[in-house]
Amino acid sequence: QAVANIANALAKADLKHVVLLDKLGDLCLRMTAVDFTGQAVSSILNAYAKLDHPHPTLFVHMGTIVMEMPLVTFQPQAIANIVNSFIKTDADRLVPELFDRMSAAALCNPPSSFSGQAIGVIVNAYVRKGKVDDQLFTFISKTVQSLPPHAFDAQNIALVTN
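Residues numbered from 1 in each chain as written. Predicted model: local features only at pLDDT ≥ 70, side-chain atom pairs only at ≥ 80, totals over all residues. Heavy atoms only, no water.

Visitor: Honestly, helix α7 (residues 116-129) in this entry has me stumped. Any pointers?
Guide: Residues separated by three or four positions in an α-helix point in the same direction, a consequence of the helix having 3.6 residues per turn. If you check α7, its first and last C-alpha atoms are 20 Å apart, about what 14 residues at 1.5 Å a residue would give, namely 20 Å. Most of α7 is tucked away, with ten of its 14 residues classed as buried. G116, A118, I119, G120, V121, I122, V123, N124, A125 and Y126 are the residues of α7 that are buried. At the exit of α7 stands G130, carrying a positive phi of roughly 80°. (Helix = DSSP H or I, 4+ residues; strand = E, 2+ residues; numbered from the N terminus. Expected span 1.5 Å × (residues − 1). Buried < 20%, exposed > 50% of the residue type's maximum accessible area, 1.4 Å probe, protein only.)

Following this line, the structure appears as structure tokens:
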């Protein structure tokens, strides 16, 4: 969690400290799935993507970690951050089964746990990948219909409809 907090802080401050990012990535490479939470994985990946810091070895390793973690570990926002990070950095091609795994994780979450933002980011990432997942999109459609209108802002709607 400490690695995730540091990486996230760098991203929030928009500080692309290459040496520190590489060192944090190297630390992650020595860890296994038991060392992470779904939120920590998503925070780390999101930070590297926000800072546009390519680290293919880290993304492959974290993809392996995602594949080993129980599906219920991943809350909707973590799923959104993970798929968006892989798309944004073009790392989706390095771990091709990741999107199927995240789809299965999304289906483990109750519709009420999804925010408009998470839905928008997830749909946008799958569309950008060109991945049509009928089961996920049916679930997302029902989820959107079940959420109150105030759960969505213009940006969320744009992500889903764009």
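Having put the structure on the table, let's press on.
Visitor: Just checking my understanding: could you explain the packing of aromatic side chains for this structure?
Guide: Two descriptors summarise a pair of aromatic rings, namely the distance from one centre to the other and the angle between the planes of the rings. According to the stated counting rule, one finds four aromatic pairs in the structure shown. Between F114 and F139, the ring centres sit 5.6 Å apart and the planes meet at 70°, which makes this aromatic pair edge-to-face. Here F139 lies in helix α8 (residues 134-146) and F114 lies in the loop between α6 (98-107) and α7, a separation of 25 residues in the sequence. One exposure class covers both F114 and F139, and it is buried. (Phe/Tyr/Trp six-rings, centres within 6.5 Å; stacked < 30°, edge-to-face > 60°.)

Visitor: When you look at the packing of α7 against α8 in this model, what are you seeing that I'm missing?
Guide: Relative placement of two packed helices is described by the angle separating their axes and the distance separating the axes. Two numbers describe how α7 lies on α8: the axes approach to 11 Å, and their chain directions differ by 155°. Compared by their axis directions, α7 and α8 come out roughly antiparallel. Taken as a pair, α7 and α8 cross one another with a handedness that is left-handed. Contacts from I119, I122, V123 and Y126 in α7 reach L136, F137, I140, T143 and V144 in α8. Within the contact of α7 with α8, the residues separate by chemical class into eight nonpolar, one polar and no charged. (Axes fitted to C-alpha atoms, helices over the stretch in contact; angles between N-to-C directions. Parallel < 35°, antiparallel > 145°, perpendicular 65-115°, else oblique. Left-handed = near helix turned anticlockwise from the far one by under 90°. Contact = heavy atoms within 4.5 Å. Nonpolar A, V, L, I, M, F, W, Y, C, P; charged D, E, K, R; others polar.)

Visitor: What should I look at first to understand unusual backbone geometry in this one?
Guide: Leaving glycine aside, a negative phi is the common case for residues, and trans is the common case for peptide bonds. Residues other than glycine seldom take positive phi values, yet D52 does so here, at roughly 50°. Within the secondary structure layout, D52 lies in the loop between α3 (38-50) and α4 (56-68). Its relative accessible area of 55% is what places D52 among the exposed residues.

Visitor: What's the story with the confidence of the model for the protein chain in this structure? I'm lost.
Guide: Regions with low pLDDT should not have their predicted coordinates read in detail. Here the protein chain averages 89 in pLDDT, and 90% of its residues register 70 or above. Across the protein chain, the element-wise mean pLDDT spans from 66 in helix α9 (residues 154-161) up to 98 in α6. (pLDDT = per-residue confidence, 0-100.)

Visitor: What am I meant to see in α4 here?
Guide: When the terminal C-alpha atoms of α4 are compared, their 19 Å separation across 13 residues agrees well with the 18 Å that a helix rising 1.5 Å per residue should span. All buried positions along α4 are accounted for by L58, F59, H61, M62, G63, I65 and V66. Its buried side turned inward, α4 meets α2 (18-29), α3, α5 (76-88) and α6.

Visitor: What is the right way to read the nonpolar core from this model?
Guide: One recurring pattern in soluble globular proteins: nonpolar side chains tend to sit buried together. In this structure, F36, V41, M62, I82, F86 and M102 are the most contacted members of the largest nonpolar core, which totals 47 residues. Among the elements that line this core, the one with the most residues is α7, at seven residues. Beyond its immediate chain neighbours, meaning those up to four positions away, M102 contacts V66, F74, I79, I82, V83 and Y126. (Core = buried A, V, L, I, M, F, W, Y, C linked by side-chain atoms within 4.5 Å.)

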